[in-house]
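# Topology and contacts: notes
Each chain is listed here by its residues.
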Amino acid sequence: MNTESRATGHTVAPPEQSLGATLRRAAGMAALAVAIAWAWRGTGFEISRLGGSLAPLAEFLGRMAPPDLSALEVAAKSTAETLQIAVLGTFLAVILSIPPALLAAANLTPAWIHQPVRWVLALVRGIPLLLLALMFVAALGLGPVPGVLALAVHSIGMLAKFYADAFESARQGPIEALDSAGANWFQRVRYGVLTQVAPDLARDTLFRFELNLRESLVLGLVGAGGIGFYIQLYIRSFQYQRVATLTLVILVIVVLVEQGSVAIRRRLR
Amino acid sequence: MSDPVLRLRDLRVRYGSKSPVLDVAALEVAAGEVVCVIGPSGAGKTTLLRLANGFVSGERGQLEVLGSTVQFGPDRGPARRDRSLRRRVGFVFQGFNVVERASVFSNVLWGSLGRQRGLGALLGRFPESDRRLAMEAIAEVDLLEQTTQRVDTLSGGQQQRVGVARVIVQQPDLVLADEPVSSLDPVLAAEIVELLVGVARRHGNTLVMSLHLPALARRFADRVVGLRAGSVVWDGTSQSLDDRAIASIYGSEPPPSVAEVGP
């Protein structure tokens, strides 16, 4: 191979292969290898021992079969409660997310507002749902209400950030045009921003609802309502066939909601 | 003679520490004039128009728009232009800047936002008079058949017609148009420029428009201002804009299709 162009006869040198880039790539791969080795040793993970654990696993699954259908009524009731917690928690989260999202959007507020708001949202994202649920149960007692509140607060950290990102993705041109027509800040947000990003907001909200439905299962473990409460109750009392029924019911619900949500999200444009 | 609609004095605009993009000793536009600004790329046409609309602020000098004066200086930050003045200056954009997911009617109606106050307009309720005005504007730009269509289903030329109708509904005194046709083909470009000039004359607006085609300026403007490297190098009636004048504005760079444009 020569690098002489047939058309012009000029010789053009190919771009240089920098040593720095090669070294950086090698360093990156080495760091990744070290991290995996560290985790492997630390957890005592041994492939040879996995084979031996297959039998106890099969035995556990065997105790779940066949599902005890007498638990269907409990399953239906508590699944409904889980759905209610997810719906209401998501709804509250949407309401509570909009104001901080507007403040966190770089195209709507100056840096001294949107930067700190984004830090606070990151902090909120860092609080585990289980911790929030424990706090609300301690304050309000057992039942679905602390579950709803825990879910709402937990969702704000992510939802407000996603909303803010959506606001920022709005094209600046139309907003500038409305500004030029004399629109005030609220009018620019309503017509310039929200009109442009409405499908994104709907998609983010549906996605958060899916997450909330799945995450709300753990709320039952700390007495904050829903099907999770009965799952852990039956596990502790070794009623594995009932656990199987509840697990199957919640599995069906989660899959149905996800399919519905995906179908709706695909239609938004 | 009445006060000028637009007046620049000793005005300089600079982005960062580079050489000024606009350096105009004096420029005035009288009420009712149709002025076209031409010049090579980077001559400062867009900066001039965005300055006049308050999107860009100067480094020094004086800007007077519709009787309100701003003095730029080292100690003066860019003061946000007040709503009542923004309402009186309409702007037609190179990229149309319409809200693509919204209908033609909504986009045009939103030109009236500068007059709306209170919750009604935020809930989507507009005065009947403004809704009728929007329909008249849509008729004026010949888009009645597309009234309820989403703007992203329209062609570029039609989207710019929406932009023009939006400015009609705004009812401004001064209309600024920044390269409104540079993304359209020459025949369509001539149509839109003719529409804009017609709108300005029918509604008694002053129009300042930058164009990349000198032939269009010669055909439709009262007066042509030639910019080069940020300074006004030519200013005269469109009749006196001959090939020598065009050559002096564009320098060695030949202007795009001086020959003939449009039907």
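About the criteria used
Residues numbered from 1 in each chain as written. Chains lettered and ligands numbered in written order. Predicted model: local features only at pLDDT ≥ 70, side-chain atom pairs only at ≥ 80, totals over all residues. Helix = DSSP H or I, 4+ residues; strand = E, 2+ residues; numbered from the N terminus. Rg over C-alpha atoms; globule rule 2.2 N^0.38 Å. Contact = placed C-beta atoms within 7 Å. Buried ≥ 20, exposed ≤ 12 C-beta atoms within 10 Å, placed from the backbone. Pairing = 2+ DSSP bridges. Arc of directions from axis to C-beta. Domains from an automatic or database assignment. Nonpolar A, V, L, I, M, F, W, Y, C, P; charged D, E, K, R; others polar. Axes fitted to C-alpha atoms, helices over the stretch in contact; angles between N-to-C directions. Parallel < 35°, antiparallel > 145°, perpendicular 65-115°, else oblique. Left-handed = near helix turned anticlockwise from the far one by under 90°. Core = buried A, V, L, I, M, F, W, Y, C linked by C-beta atoms within 7 Å. pLDDT = per-residue confidence, 0-100.

### Regarding the overall build of chain A
Assigned secondary structure in chain A consists of eleven helices and zero strands. The secondary structure elements of chain A, listed N-terminal to C-terminal, are α-α-α-α-α-α-α-α-α-α-α. Its C-alpha radius of gyration of 26 Å places chain A more than 25% over the 18 Å reference for a compact globule of 269 residues. Along the first, second and third principal axes, the C-alpha atoms of chain A reach 80 × 65 × 35 Å. Within chain A, counting contacts between residues at least 6 apart in sequence, those at least 24 apart form 71% of the total.

### Brief notes about the overall build of chain B
Looking only at helices and strands, chain B features nine helices and ten strands. Relative to the 2.2 N^0.38 estimate, which gives 18 Å for 263 residues, the radius of gyration of chain B is 18 Å and therefore close to what a compact globule would have. The buried share among the 263 residues of chain B stands at 44%. Considering only contacts in chain B between residues 6 or more positions apart, those separated by 24 or more positions represent 70%.

### Considerations on the pairing of strand β1 (residues 6-13) of chain B
Residues and elements named next belong to chain B. Relative to strand β2 (residues 22-29), β1 runs antiparallel, the two being bridged by seven bridges. Directly across from L6, in β2, lies its bridge partner V29. Sheet topology places β1 next to strand β4 (residues 60-65); five bridges connect them, and they run antiparallel. Directly across from R12, in β4, lies its bridge partner R60.

### Section: helix α9 (residues 243-250) of chain B
All names here are of chain B. Looking at α9, one finds that the buried residues are I246, I249 and Y250. Summarising the axial view, the buried residues of α9 lie within an arc of 85 degrees, below the 170-degree limit, and thus occupy one face. At the C-terminal side of α9, G251 shows a positive phi close to 65 degrees.

### With respect to the domain arrangement of chain B
Residues and elements named next belong to chain B. For chain B, the domain assignment lists domain 1 (1-88 + 173-263) and domain 2 (97-171). Of note, the centres of domain 1 and domain 2, computed from C-alpha atoms alone, are 25 Å apart. The interface is formed by 13 residues belonging to domain 1 together with eleven residues belonging to domain 2. Listed by contribution, the elements that provide at least two residues to the side of domain 1 that touches domain 2 are α2 (83-87) and α7 (186-203). Here the element with the most residues in the side of domain 1 that touches domain 2 is α7; it accounts for six residues. A class-by-class count of the residues in the side of domain 1 that touches domain 2 yields eight nonpolar, two polar and three charged.

### Description of the sheet that holds strand β7 (residues 174-178) of chain B
In any sheet, the strands associate via hydrogen bonds between backbone groups, in a parallel or an antiparallel arrangement. Residues and elements named next belong to chain B. If you trace the six strands from one edge of the open sheet to the other, you get β6-β7-β8-β3-β9-β10, paired in mixed fashion. Because the sheet does not close on itself, it has two edges, and the strands there are β6 (89-92) and β10 (231-237). Put simply, the sheet's adjacent strands are angled 15 degrees from each other on average, direction ignored. Where strand β9 (residues 223-228) meets β10, six bridges bridge the pair, whose relative direction is antiparallel. Looking at the pairing, V225 lines up with D235 of β10.

### Concerning the interface of chain B and chain A
In this complex, chain B contributes 21 residues to the contact, which on the side of chain A involves 18 residues. Breaking the side of chain B that touches chain A down by element, the ones donating at least two residues are α2, α4 (119-122) and α6 (156-170) of chain B. The greatest single-element share of the side of chain B that touches chain A, amounting to three residues, is contributed by α2(B). Class assignment of the residues belonging to the side of chain B that touches chain A gives a composition of nine nonpolar, seven polar and five charged.

### Structural notes on the packing of helix α4 (residues 72-104) of chain A against helix α7 (residues 144-168) of chain A
All names here are of chain A. Look at α4 against α7: their axes get within 6 Å of each other, and the N-to-C directions meet at 40 degrees. Here α4 is positioned oblique relative to α7, judged by the angle of their axes. Of the two elements, α4 crosses α7, and the hand of that crossing is right-handed. Looking at side-chain class alone, the contact of α4 with α7 contains 22 nonpolar, six polar and two charged residues.

### Observations concerning the nonpolar core
Ranked by size, the top nonpolar core spans 125 residues in total, and within it A:A150, A:F167, B:V108, B:A165, B:L196, B:L207 and B:V208 carry the most contacts. Counting residues per element, this core draws most heavily on α7(A), which supplies 13 residues. Each of domain 1 (1-88 + 173-263) and domain 2 (97-171) of chain B accounts for three or more of the residues forming this core. Apart from the residues within four sequence positions on either side, A:A150 is in contact with A:L129, A:L132, A:A133, A:F136, A:L219 and A:A224.

### Re the packing of α7(A) against helix α9 (residues 185-215) of chain A
All names here are of chain A. Put simply, α7 and α9 touch, their axes get as near as 9 Å, and they point 150 degrees apart. With respect to their mutual orientation, α7 and α9 come out roughly antiparallel. Classified by chirality, the crossing of α9 by α7 is right-handed. Facing L151, S155, M158, L159, F162, Y163, A166 and F167 of α7, the residues of α9 in contact are V193, V197, D200, L201, D204, R208 and N212. Counted by class, the contact of α7 with α9 contains ten nonpolar, two polar and three charged residues.

### Quick word on the confidence of the model for chain A
Of the residues in chain A, 97% reach a pLDDT of 70 or more, and the chain-wide mean stands at 89. Looking at the elements of chain A, mean pLDDT is at its lowest for helix α2 (residues 47-52) of chain A, recorded as 79, and at its highest for helix α8 (residues 172-180) of chain A, recorded as 95.

### Side note on the sheet that holds strand β5 (residues 68-72) of chain B
Residue and element names in this part refer to chain B. The strand order β2-β1-β4-β5 describes an open sheet built from four strands, whose pairing is antiparallel. The sheet terminates laterally at β2 and β5, the two strands that pair on one side only. Taken over all neighbouring pairs, the strand axes of this sheet differ in orientation by 10 degrees on average, direction set aside.

### Looking at the environment of B:G61
All names here are of chain B. Inspection of the secondary structure puts G61 in strand β4. Classification of G61 as buried rests on a count of 21 C-beta atoms within 10 Å. Each C-alpha atom, one on G61 and one on L8, is 7.6 Å from the other, the two residues being 53 residues apart in sequence. G61 has contacts with L8, R9, D10, L11, R12 and F72, leaving out every residue within four places of it along the chain.

### Side note on unusual backbone geometry
Here the bond from A:A65 into A:P66 is cis, since omega is -10 degrees, no more than 30 degrees from zero. You can see A:P66 is positioned in the loop between α3 (54-64) and α4. Look at B:N97: it is not a glycine, yet its phi comes out positive at around 50 degrees. Summarising the element assignment, B:N97 is placed in the loop between β6 and α3 (104-109). Phi angles above zero are rare outside glycine, and B:D142 is one such case at about 65 degrees. Secondary-structure assignment places B:D142 in the loop between α5 (128-140) and α6.

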